[in-house]
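# Working through the structure, step by step
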Amino acid sequence: MRTEEHAPVIALAGNPNVGKSTVFNALTGSRQHTGNWSGKTVSNAYGTMHCGSTRLTLVDLPGTYSLRARSAEEQAARDFLASGEADMTILVADATCLERNLILILQALELTSRAVLCLNLMDEARKKHIRIDTHALERELGIPVVPCAARRGRGLPQLTGTVCRALEQRRPSPVAAIRYPDIIENAVQRSGLSRTEALEALVRQPPSGMTSEQIDDMITAAAALRAEEITLTCVRMPETACTRDRQLDRILLSRRWGMPLMLLLLAMVFYITLSGANAPSDWLGEHLLSLSAPLAAVLSAIGLPPFAVSLLTDGLWRVLATVVSVMLPPMAIFFPLFTLLEDAGYLPRVAFQLDHAFQKAHACGKQSLSMCLGAKWMRS
């Protein structure tokens, strides 16, 4: 491993809502909260973890469902992994829906072969009676697999130890490869480029008789097919495992009830925020502004001229007290409520439900979430 002056860099990648930020916070001891909706800065969060006496730099990449670089978060995650800056990558997956997560994992393994899979939410998988053969999964992917329940702190010491041992290995072991159709595989072999670069070049300049969209669909379908094959080999899931989620989706995403329920729920959040903030705002404003007179007396006692006292008390202090009393209570109520909706998985459903309508305005459904934030502050 590198010396202390050149700390090894560990990238943290995964789908949204798989507990990636929880893993990041647990390993670094920070309180980072990330999101990938439009309006939120798409950037990497940095923290520090330790492997014995060696300091490691942990980089939390934006959550994304693929690395096809169709959006800002996909581009940011892909660019960092492709840059080679990371000495190791921790791929975080949701054990309750591994097949969907494997698409991103397989795409990431085409960019970097030095990786460890953190199989998070194992406690939730056990509740749903989902069984995952981690040894078979290691054989299929060619990388170490560590079962975890990050919210409960389970498996994190093993994850750290696995990352440390993987960093000490000089040569990465062969990893799973996505099997593309012959027309794509032959073009990749003839190009003389790396696999990832050849695929990107093929999308930009497709073979005659095909379009870029067709090539891109074939590449994505091949990854999905390989993910399905691995899942059938390694995962045993009862038919009733996702029954509750499907029942909720039938209601929350239905044509009849989806939109009214969404408007009602967001209206309740705004109502609780605005009505609940009135009393603490009045209390803060009253007590903070009541300090103006004592503050003016203290400033006069130390010999400040009257114009300076007025500037600091009637100007600076009153403005600061007003801003704090007006802004702090709504923020303290709204953001925890919004975080609960995100952690419960409802905000992605909102984005999915509104995506079709937003696409007509050349936008995407995720922008509805930033519009909710903007609407909230306009009402404050």
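Since the structure is predicted, the reported quantities are computational estimates derived from the model, not experimental observations.

## Focus on the nonpolar core
- Ranked by internal contacts, the top residues of the largest apolar core, which has 51 residues, are Leu-91, Leu-117, Leu-119, Ile-132, Leu-137 and Leu-141.
- At nine residues, the largest contribution of residues to this core is made by helix α3 (residues 98-111).
- Contacts of Leu-137, omitting those with residues within four sequence positions, involve Leu-98, Leu-117, Leu-119, Ile-132, Val-145, Ile-230 and Cys-234.

## Details of the pattern of salt bridges
- This structure, assessed with the given rule, holds eleven salt bridges.
- Its salt-bridge partner being Asp-60, residue Lys-20 comes within 2.6 Å of it at the nearest N-O pair. One end of the pair, Lys-20, is in helix α1 (residues 20-28); the other, Asp-60, is in strand β3 (residues 54-60), with 40 residues separating them in the sequence. Side by side, Lys-20 and Asp-60 carry an identical accessibility label, which is buried.
- Ionic pairing is found between Asp-123 and Arg-152, a salt bridge with its closest N-O pair at 3.1 Å. Here Asp-123, found in helix α4 (residues 122-127), pairs with Arg-152, found in the loop between β7 (145-147) and α6 (156-168); they are 29 residues apart in sequence, far enough to count as distant.
- The buried category is assigned to Asp-123, whose relative accessible area is 8%.
- Judged by relative accessible area, which is 48%, Arg-152 ranks as partly exposed.

## Let's talk about the packing of aromatic side chains
- All told, the structure shown has three aromatic pairs when counted by the stated rule.
- Considering the side-chain rings of Phe-334 and Phe-335, the 5.6 Å spacing of their centres and the 80° angle between planes classify their relative orientation as edge-to-face.
- Between the aromatic rings of Phe-334 and Phe-338, the centroid separation amounts to 5.1 Å while the plane-to-plane angle is 25°, which identifies the pairing as stacked. With Phe-334 and Phe-338 both in helix α13 (residues 306-343), this residue pair falls four residues apart, about one helical turn.
- For Phe-334, a relative accessible area of 0% gives the class buried.

## As for the sheet that holds strand β5 (residues 115-120)
- Here we have six strands laid out as an open sheet, ordered β2-β3-β1-β4-β5-β7, and mixed in their pairing. The open sheet has two edge strands with one neighbour each: β2 (45-51) and β7. Across the sheet, the axes of successive neighbouring strands diverge by a mean angle of 25°, strand direction being ignored.
- Bridge count for strand β1 (residues 9-14) against strand β4 (residues 88-94) is five bridges, and the pairing is parallel. Residue pairing for β4: Ala-13 is matched across the bridge by Leu-91.
- Contacts from helix α2 (residues 72-83) reach β1, β2, β3 and β4, with the element oriented near 145° to β1.

## A word on the pairing of β1
- In terms of residue burial, β1 counts as a mostly covered element, since six of its six residues are buried.
- In the sheet, β1 pairs with β3 via four bridges, with the strands oriented parallel. Bridge assignment links Leu-12 to a residue of β3, and that residue is Asp-60.

## Structural notes on the side chain of Gln-107
- Topologically, Gln-107 is positioned in helix α3.
- Not counting the four nearest positions on each side in its chain, Gln-107 is found in contact with Ser-66, Leu-67, Arg-68, Ile-178 and Ala-223.

## Remarks on the state of the cysteines
- With the rule as written, the count across this model stands at one disulfide.
- With its sulfur 1.8 Å from that of its partner, Cys-51 forms a disulfide with Cys-164. Of this pair, Cys-51 sits in strand β2 while Cys-164 is found in helix α6, placing the two residues 113 residues apart along the sequence.
- With relative accessibility at 9%, the residue Cys-51 sits in the buried group.
- According to the relative accessible area criterion, Cys-164 is buried, its value standing at 10%.
- Summary of cysteine pairing: Cys-118 is not part of a disulfide, and the nearest cysteine sulfur, belonging to Cys-148, is at 3.7 Å.

Parameters and conventions
Residue numbers here run from 1 along each chain, matching the order of that chain's written sequence. Where local features are concerned, this predicted model is filtered to residues with pLDDT of at least 70; where side-chain atom pairs are given and counted, the filter is 80 or more; whole-chain, interface and lining totals use all residues. Side-chain measures here rest on the full set of heavy atoms in the structure, leaving out hydrogens and waters. Residues enter a nonpolar core if they are buried and are Ala, Val, Leu, Ile, Met, Phe, Trp, Tyr or Cys, with the set joined through side-chain atoms within 4.5 Å. The cut-offs for exposure are 20% and 50% of the maximum accessible area for each residue type, with area from a 1.4 Å probe on protein chains only; residues under the lower value are buried, those over the upper are exposed, and the others partly exposed. Helix and strand labels come from DSSP, where a helix needs a run of H or I of at least four residues and a strand needs a run of E of at least two; each type is numbered from the N terminus. A contact between two residues is defined here by any heavy atoms of the two lying within 4.5 Å. Here, a salt bridge means any side-chain nitrogen of Lys or Arg that lies within 4 Å of a carboxyl oxygen of Asp or Glu. Aromatic rings from Phe, Tyr and Trp, with only the six-membered ring used for Trp, were paired whenever their centres fell within 6.5 Å, and each pair was classed as stacked if the ring planes differed by under 30 degrees, edge-to-face if by over 60, and tilted otherwise. Between any two strands, pairing holds if DSSP finds at least two bridges. To obtain each axis, a line is fitted to C-alpha atoms, and for helices this fit is confined to the stretch in contact; angles are then taken between N-to-C directions over 0 to 180 degrees. A pair of sulfur atoms, both from cysteines and within 2.5 Å, is called a disulfide here.

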